Every structure is written in structure tokens, then in C-alpha cells.
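Architecture at a glance
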Amino acid sequence: QEITAKFSVTLPEASHQGQGVAKFVQLVKERSQGRIEIKPYYNAALGNDVQVTSALQGGSIQFVVPQTTTLTGMIKEFEVLDYPFLFDSEQEAEAVLDGAVGQRLLDTLPEKGLVGLAFWENGFFNFTNSRHPIAKLEDFNDLKLRAVQAKISQESIKTLGATPVPLAVPELFTALETRTVDGQGTPATVTTALRLDEVQKYLSKTRHTYGAFIPLVSKKFWDKLSEDDRKLLLQAAIDARTYQRGVARDQDRDALARMAAKGVAINEVSPAERTRMREASKPIWDAFAQGSMVEVLQATQAEIAKVRK
Amino acid sequence: MTAAVFLSGLLGAMLLGMPIAFAVLISAVLLMLFLGEFDPQVVAQNAIGGADNFVLMAVPFFILAGEFMNAGGLSRRIVDMAMAFVGHLRGGLGYVAILAALVLASLSGSAVADTAALGALLVPMMREAGYNTERACGLIAAGGIIAPVIPPSIGFLLFGVVANVSITQLFMAGIVPGAMMAISLVAAWWWVSRRDSFNPAPRMPWIGRIGVLGRGVWALMMPVIIIGGLKMGVFTPTEAAVVAAFYALFVGVFVYRELNLKSIYHCLLIAARTSAVVLILVAMAMVASYMITIADVPGQIGAWLEPIADRPGMLVSAMLLIAFGLGMVLDFIPIVLVLTPVFMPIIRAAGVDPVYFGVVFIMTVAIGMITPPVGVVLNVIASIGKVSMERAVRGVLPFLAAEALIVILLLLFPAFVTVPAGWWR
Amino acid sequence: MFFDRMTRVVTRMLEVVIVVSLALMAILVFGNVVLRYGFDSGLAVSDELARLLFVWVIFLGAILASREHAHIGLDALVRRLSPFWKKVFICLSGTLMLGCCALFVIGGWSQTVINLDNTYPVLGISYAWLYAAAVVFGIGMAISIAYNVFDAVTRPHTPAELVLIRDMEDRIGEEMVLLADAAEAFEHNKRKENSK
Ligand code: NA
Ligand code: NA
């Protein structure tokens, strides 16, 4: 009984996302003695995450690993993870994602035709800009910052005191180069991959958002698997998680070091200032947390509080 | 094997006489059936996903800009300008045709439209002045195909989207090779017309030239906006296209005063319909492209090309030969859409600069529009110049050879593309 | 007769919809450029809405083009056939194309239903609006193709007209009409300028 499947990957094979998928594919192959063959397609060769997620629901592609933000249009609860300044550290994120809250989020997926296996890591987002370091809340005041295609991104930039300018990724480099926009926020690995460090002077470790990847399986495919095979896939995704997070953190460190070597001024943001930024962003949390979101947010905060004390 | 299934499906469906958009789709469905992965959702999803692309929006906007400009009698103004500057030379109308083709190429992305516009104006003029009609037709056809090499270019747009290569870089890299095509035409025209005798037009005094330039400068501003805007990084290609359209609308309404609500509606309708015909083909090609990826057609073709895989020059030459061969019988856009997803993985694996490949590839496919037996641009000029297809082919041969030599030159010395492309980065 | 009039009305409606959509797209994209350079801001919905309209322009425009036999094709073989074989080829390719339309309706419908409660991040409307274009395209195109095939096979025609795709000559003819219009407008304007 041979099983074959397609795994759509947005980033290149060498990225932390690609490495995590390669690991997962290899673990599955070994543990099934070659019975389950998953073929990864890197560089978004099968389409972007929104399209591919829809293809998973339809059953024509079996695996994809988007950032959780992709799911917010479908399942509101995932938006909690995009709240600005929610997490202080990777450990807090792990506690929430690998614990009860993460499980609760994963449980919302099957009714949409998807099965979530685990949470992997894209990493913390930092603001870069071409004007001055961001060390305190007031430093946002005179900045025009790129917003991604999501309401919460625009609102949170506004609340911090900066001006949001919505831009698609292909327009980002030129907009920063011509100073139409002063800055942007992405994980360090993305900043360097998009060569934004060539047109940005300052990187401030605002760590304002934490991006989590979520390996998804088509439920149509999942339902056809035996109980043992499901366990095998689930365990492989969890084991690959440890490896992928390690790679992500290494690559994040490397990217920051390379930027520093190239002359980008990197500054820390003190815990006290980050707390001020979080307090300033709280209105966003309240505005976006409605209905069932309130409960999820409370559970998340409770989980984080356990780590923080 | 999958490559053979794909190609025979495509050719079979086309010979049945169905639109190429559907023939491409049929070949993708055949691949699905062959791989045992039949799923209608894959068709709908990839067609919609292929069309749902911000970059592709540049296509209708560039076409719209061209329509607005044309509705204002733009091509005649450009010919007037070229006449004023080079009309007095020996064989001057030939140089007028080349210069006008070059300017028009920087305003429009379509070889068919440019050839039709120039042919309608210049062939009667050249015939009256005693030029050999078939040679005049040949020159104008060869000049028309500069359009897809000089920005804006629908060919580069489609190649860039399918190959995932920067369109701004492709546009910039096309400028010098496009100018080289024009220079090769100048040389070829000088050569073929050196023994002809006709009465050159009188030299226009500088004051007259300035007057003509003043009337035409509004048209000349458009390439400045497009290329300048892209070079400075002010616009993305899509934005450059929409700015060009609004600029052309402004000029048509307030400067040339030839656009009214009715003609604006008409321009919008033509732009929407023309781009729908092109882009439905893109949407269907995206379904095929997806199946080409799944079936690993590039891997198979790459295996055939294995003996030359470590010699990039040979590899690119082999691919251009395939493109040239297909160019004899197929239209420009289908070739770009079918070959790009097959070639690009091999090109990247061989370490060839994708921008360089894009330029020589688009040039070769553009030349296909003036090769017999099927050449759209040849058809256009034959019907406009009222000459037979055979005479049009005879007339175009020296210019076809000149442009083919440029491609060979670029193959031997890639630096002609890569070095100027580097200046723009 | 009634059917002819109805298709004319539907065609005209399609025209108006794609013209208005293209104009809206242009305004949205241009507006964003102006806002960005002039006012340091942007219209967040611009990108998503323009792209949605764009998809509809392409798929509705393709139906329109089909009614006008304007799709690009290769008629080298079909042109050389006898009227009888031409009809056979038209029926055959028409059937295959109708099959393709069915794929669009079925596949598009599945995706539309799947995406019913999946919303655009900024626009806030369902992605079903996007995938519905595939369903409408499949249905519209099927009607148009069936009509074209019926037309070609049953109504009196010169053998040359028996093709589903637009002949190259016709396309050039259309281009020439446009150029003639432009030239006339130009001459008219010149006369106006001279008489001033
Ligand atoms: Na051009
Ligand atoms: Na040809």
C-alpha cells in the first residue's frame, strides 16, 4: 500500500521552512519504510499559501505550511497570534502554541477541511527603517511604515503613532529605496532574503509580532489514512518542529549578524519600553477580541503569565 | 513520456481548430488523466489563481495607454517627427520607418499594433516615393517586432510572471538589445537600398523640426515616464502602466483634444477585450504550468539536454533553436507561455542569468512573428501593404537575417545584455 | 430572432460591466499611487478589489471575445477541409471545449463553496466572489460555444466562415477600421486647427 502526497512550500529549500519540511518528509519516509512518499515543491511552485490552502480543502494538494495569518480569514481565532507585542520570548510562544491554546486552535481546523499537525516557527518580527533607531514608543511618531494586507497590521502601526502605508511585497524594496516608506517589519531572515538591509539603516529589536508556521494536511487525504499512519505523521511533524525551530533561531541569529556586518545599526529595545509599546497597543487587542476571541485571548494571556512569573 | 503527452495533446487540439487557450487546457487535462490525478478543481483553481495577479494588471493598462494614444493620431505625429529628422537622407523613408518603429516600440508593447499603425501610414508613402514595396513591407514588419523587446513589453510581463523574474529588470535589460535591433535594421536597409535611386525629401529647417518636435513631445514624454519611473524605483510596472494610461488620457483629452466620452468608452472596451483574449490564455497556461510542474516535464527535457547541461551557451542556443522552430508555426504569446515553465527550471539549474535568458528568448520568439509560414506580423503587413505572403517573406528576409545576427551576437557575447542591464540596477 | 436579440442585449451588458470594471481598476491603482506620493497614505482595499475586478474582466471578457470569434487560434488545417469535414471538426472541438467548460463549472463550484466563509483580509468579503468567476465563465462560455457551433453547422454560410476562431484577416480588418477612425479624427482635427 503506497501513499504519495504533494507538499507545497512557500520558501526555498534552504530556508528554515524548507529545512523543516525536508526533515518531516525524511522522517515520514524512514518511519513508514518508504511506504509514504511526500514530494516537496519549494518556492511556491504550486501557488501561494491562500491558493494552496484552498486546494488542500478541495483535496488536490495534501500538505502546506503557511504562517497562521493565512488562516485568519477563515478562522477568526488564529488572529490572536497576530496581536502586537503578545509574546516576549520564544518560550512564551512555545508554551501557548504547544499547549492547550494551540490544541484548541488546531481543533477548529477539521470542520474547514483541514488538519493542523503542529506549530513551527517563522520568528519574531523587527522593525527596520532608514531614519533613526526605535528605542522608545515616541520614536514611532515620525515614521511611515509598511503595513501588510491585514487590518490588524495597519491598526497596530497607527496605534504606535506611525503612519501605515499598505504595500505588497514586490513593491516593498523600491518603496524603501525611494523613501516613499521609511520602514517595515519582517523577521530578520525575511529582511535579508528580500535584500531590504541594502536600503535600510536601522534595525530595532522591537520583536513586535511572532510568526508561527502551521503544517496543514488536507482532511480529504487524512480521512483515508489508517490510524497508525495519522499518528506517524503527527509525531513526525512534532519531531520536525524541534529541528525546524532550531534552524529558524540559527538563521535568525545569522541574518542579524550579517546585517550588522554590512553596517545596519542594530539596537535592543529595553523590556520597559516594550511593555510601554504593549500597553499602547492594548486598545487593538480589545478592539479585535470579540465573541469567542475573548476567551481565547484570556487563555493565551493566562498561559503567558505562567511563563512570565 | 509526459512531455510527449503534453505536446501531442496541445498540437492535436490546435489542429482541430480550437482556440489556443482551450488547446492548452486540453493538454493539461490530458496530463492529469495520464498521471491519474484528474480533478476539475485543479483547473478552476489554477486558472483563477493565474489571473489573480497584480503584476498582470499591467497588461490591460499598457494596452489602454496605447489605445488612448492611438485614438489621438499618435502614430502619425511620430512619423512626422521621424520625417523631419531623417526624411531627407538617401533612402530616407526607410530610416523614418526604423526611427518611428523605435519610438513607437517605447510606447506600446504589441508588435501587431505597431506594424499595423506604421504600415498603414508608411507603405503608401514609400510606394509613392518609388521604393520597392515588398522591401518596404519587410522593413516595417522587422521594425514592428522591436515592440516586445523595448519596454513596455507584454512579452516581458508574461515571461516575468511565469518565470518569477523581476519585470523592471527585464524591461531595463531590453533597451540596449532593442536599440541594437534597430541599428541592425539601419545597416541592412543601407545595404539593400544602396543602389536604388529615389528622390529624397527636402531637408527640413531646424525651426520646422522644433515645431514638429513640440507637437510630438507629449508622446515622447511617455517612455520617459515609464522608463524613468521604473528606473528611479518610483513605480512598479503595474503602476507605471496605469500612470501611462492616465497620462495618455490627459494628453488625448486636454492636449490633442481628440478623446470624448464615447471614444474613451471604446478604448476601454478594446483594451478590456484584447487583454481578456491574451490573459485567458495566461490563465489556462497556468493550469498547464501547474501540471508541467507536477509531471516534472522540465526534468525530462533536462535529461535530454543532459550532455550540454554544463555548457550554458550551448544550452541557451538549443532552447532558442526550439523557440525559433516553434516560432515558425505558433503565435508569440502561446510560445512564451508554453516554453517558459519548461525552460526556466533548467536555466536556473545551469546557473544562467534569468534576465539575460529572458531577453534573448523574447527576441527569438518575437522574430518568430516574421518567419514563414505562420507569422502574425507578416500577415498584418501583407494585408496592409497589399502584397502576397510570398512577396512579404522575400521582402523581410534581409532584415530577418540582420535581427537573427543580433541574437547570435548576444549568444556569443552575453555581456551586451548583462553589462547594460547592470547599469540600471 | 428573439434569441438573437437576447444575445445582443446580454453582449451589451457584458461590455458595460467589463468597461466599468476596468475603469474602476485603473482608478483604484492610480488612486493608490497618488495617495502614496501625494499624501503618504494608501487605500488598503485597492489591491484586493482591483485584483478581484481584474479576474472578472478577464473571464467575462473571454466570453465576449468568444461570441465575437476573437480568440487566437491556428486555422491552417481546418481552412483546407471540405465543408463537411469542417463541420465534423467544429462539432468535435466544440464538444471538447464544452467538456472544458464543465470542468470550470464543477471545479469552480467546489472552490466557491469551500471558500464561502473564507474572507479577504482587508476587503472582508468572501473569496467565493473570486472563484464564482470560474463558474460564470464555464456557463457563459458553454452557452457561447454551443451557440457558435449551432450557428456554424446549421445556418447558411460560405465555407470560409466555418471556423470557431477568428481568421487572421478579420483581426487585421478590425485593426484597420480602428486606424482609419484614428486617421479620420486626426485629419478632422488638423482641419479644425487650420481653420482657426
Ligand atoms: Na515596447
Ligand atoms: Na513564424
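Residues numbered from 1 in each chain as written. Chains lettered and ligands numbered in written order. Predicted model: local features only at pLDDT ≥ 70, side-chain atom pairs only at ≥ 80, totals over all residues. Heavy atoms only, no water.

If you check an unreviewed UniProt entry, chain B appears there as TRAP transporter large permease protein from Thauera terpenica 58Eu. The UniProt entry for chain B carries the following comment under Subunit (unreviewed entry): "The complex comprises the extracytoplasmic solute receptor protein and the two transmembrane proteins." Turning to chain B, the UniProt annotation filed under Function (unreviewed entry) states: "Part of the tripartite ATP-independent periplasmic (TRAP) transport system." (UniProt positions renumbered as here; feature names shortened; annotations may be inferred.)

Secondary structure assignment for chain A yields 11 helices and 11 strands. Projecting the C-alpha coordinates of chain A onto the three principal axes gives extents of approximately 60 × 40 × 35 Å. Across the 309 residues in chain A, those meeting the buried criterion constitute 59%. Put simply, of all contacts in chain A between residues at least 6 apart along the chain, 75% involve residues at least 24 apart. Accessible surface, chain A: about 12000 Å² in total, of which carbon and sulfur atoms supply 52%. If you average the places of the 38 positive and of the 39 negative side-chain charges in chain A, the two averages end up 1 Å apart. (Helix = DSSP H or I, 4+ residues; strand = E, 2+ residues; numbered from the N terminus. Buried < 20%, exposed > 50% of the residue type's maximum accessible area, 1.4 Å probe, protein only. Contact = heavy atoms within 4.5 Å. Areas by Shrake-Rupley, 256 points an atom, 1.4 Å probe, with all protein chains shown as cover. Lys, Arg positive; Asp, Glu negative; His and termini not counted. Charge placed at Lys NZ, Arg CZ, Asp CG, Glu CD.)

Now for the confidence of the model for chain B. Residue and element names in this part refer to chain B. When pLDDT is averaged along chain B, the result is 85; 98% of the residues meet or exceed 70. Within chain B, helix 17 (residues 354-367) carries the highest mean pLDDT (94), whereas helix 20 (residues 415-424) carries the lowest (76). Both scores are given for the predicted complex: the pTM is 0.84, the ipTM 0.83. (pLDDT = per-residue confidence, 0-100.)

Moving on, we come to the packing of helix 8 (residues 133-144) of chain B against helix 19 (residues 389-412) of chain B. Residue and element names in this part refer to chain B. Where helix 8 meets helix 19, the axes come as close as 7 Å, and the angle between the chain directions of the two elements is 45°. For the element pair helix 8 / helix 19, the angle class is oblique. Like other packed secondary-structure pairs, helix 8 and helix 19 cross with a definite hand, here right-handed. Facing helix 8, whose interface residues are Thr133, Glu134, Arg135, Gly138, Leu139, Ala141 and Ala142, helix 19 presents Arg391, Arg394, Gly395, Val396, Phe399 and Glu403. Residues of the contact of helix 8 with helix 19, tallied by class, amount to 5 nonpolar, 3 polar and 5 charged. (Axes fitted to C-alpha atoms, helices over the stretch in contact; angles between N-to-C directions. Parallel < 35°, antiparallel > 145°, perpendicular 65-115°, else oblique. Left-handed = near helix turned anticlockwise from the far one by under 90°. Nonpolar A, V, L, I, M, F, W, Y, C, P; charged D, E, K, R; others polar.)

Each aromatic ring pair is specified by the distance between its two centres and by the angle formed by the two planes. Per the stated rule, a full pass over the model turns up 26 aromatic pairs over all chains. Ring centres of Phe159 of chain B and Phe357 of chain B lie 6.4 Å apart, and the angle between their planes is 45°; on these two criteria the pair is classed as tilted. Residue Phe159 of chain B is found in helix 9 (residues 154-163), and its partner Phe357 of chain B is found in helix 17; the two are separated by 198 residues along the sequence. Every member of this aromatic cluster is reached through a ring pair, and the members are Phe7, Phe24, Phe63 and Phe221 of chain A. Seen from the ring of Phe173 of chain A, Arg195 of chain A lies directly overhead, with NZ or CZ sitting 4.8 Å from the centre. Stacked on the ring of Trp285 of chain A, the Lys or Arg Lys282 of chain A has its end atom at 5.0 Å from the ring centre. (Phe/Tyr/Trp six-rings, centres within 6.5 Å; stacked < 30°, edge-to-face > 60°. Lys NZ or Arg CZ within 6 Å of the ring centre and 35° of its normal.)

Residue and element names in this part refer to chain B. The terminal C-alpha atoms of helix 15 (residues 312-329), which comprises 18 residues, lie 27 Å apart, in line with the 26 Å expected from a rise of 1.5 Å per residue. Three or more residues of helix 15 are buried, namely Leu315, Val316, Ala318, Met319, Leu320, Ala323 and Gly327. Residues of helix 15 that are buried sit in contact with helix 16 (332-349), helix 17 and helix 19. (Expected span 1.5 Å × (residues − 1).)

In this complex, chain B contributes 16 residues to the contact, which on the side of chain A involves 14 residues. Contact between chain B and chain A buries roughly 1300 Å² in total, counting both sides, with carbon and sulfur atoms accounting for 49%. The tally of links between chain B and chain A comes to 1 salt bridge. Residue Glu37 of chain B pairs with Lys6 of chain A through a salt bridge whose shortest N-O separation is 2.6 Å. Where chain B touches chain A, the interface holds 4 residue pairs in polar contact (both at pLDDT 80 or more). Contributions of two or more residues to the side of chain B that touches chain A are made by helix 3 (40-51) and helix 13 (261-294) of chain B. (Buried area = accessible area lost by both parts, 1.4 Å probe. Salt bridge = Lys/Arg side-chain N within 4 Å of Asp/Glu carboxyl O. Polar contact = N/O pair within 3.5 Å; in protein donor to acceptor, adjacent residues only side chain to side chain.)

Another aspect to go through is the interface of chain C and chain B. Contacts between the two partners involve 72 residues from chain C, matched on the other side by 68 residues from chain B. The tally of links from chain C across to chain B stands at 1 salt bridge. With a closest N to O distance of 2.8 Å, Arg51 of chain C and Asp52 of chain B form a salt bridge. Counting only elements with at least two residues in the side of chain C that touches chain B, the list comes to helix 1 (2-39), helix 2 (45-67), helix 3 (76-79), helix 4 (83-114), helix 5 (128-154) and helix 6 (168-195) of chain C.

For the rest of this paragraph, the subject is the sheet that holds strand 4 (residues 114-116) of chain A. All names here are of chain A. Pairing in this open sheet of 5 strands is mixed, and the strands run 2-1-3-10-4 from one edge to the other. Because the sheet does not close on itself, it has two edges, and the strands there are strand 2 (36-41) and strand 4. The sheet contact formed by strand 1 (residues 3-8) and strand 2 spans 6 bridges and is parallel. Residue Ala5 lies in a different strand from strand 2, and its bridge partner there is Ile38. On the sheet, helix 1 (residues 16-31) packs against strand 1, strand 2 and strand 3 (63-64) and is oriented at approximately 165° with respect to strand 2. (Pairing = 2+ DSSP bridges.)

The biggest cluster of nonpolar side chains holds 272 residues, and the ones touching the most others in it are Leu158, Phe159, Phe357 and Phe361 of chain B together with Phe59 and Phe137 of chain C. With 21 residues, helix 13 of chain B is the largest single contributor of residues to this core. Membership of the second largest hydrophobic core comes to 28 residues, among which are Ala5, Phe7, Val9 and Leu232 of chain A. (Core = buried A, V, L, I, M, F, W, Y, C linked by side-chain atoms within 4.5 Å.)

Let us look at unusual backbone geometry. Trans peptide bonds make up most of the peptide bonds, and negative phi angles are found at most residues other than glycine. Across the junction of Pro151 of chain B and Pro152 of chain B, the peptide omega takes the value -5°, indicating a cis bond. Note that Pro152 of chain B resides in the loop between helix 8 and helix 9. Phi is positive for Asn43 of chain A, which is not a glycine, with a value near 55°. Take Asn43 of chain A: it is sitting in the loop between strand 2 and helix 2 (49-58). Phi at Arg207 of chain A takes a positive value of approximately 45°, unusual for a residue other than glycine.

All names here are of chain A. For strand 6 (residues 144-147) and strand 7 (residues 163-166), the ladder comprises 4 bridges, and the chain directions are parallel. Bridge assignment links Arg146 to a residue of strand 7, and that residue is Val165. Handedness of the strand 6-helix 5 (residues 151-160)-strand 7 crossover: right-handed. (Right-handed = clockwise from strand over helix to strand, strands pointing away.)

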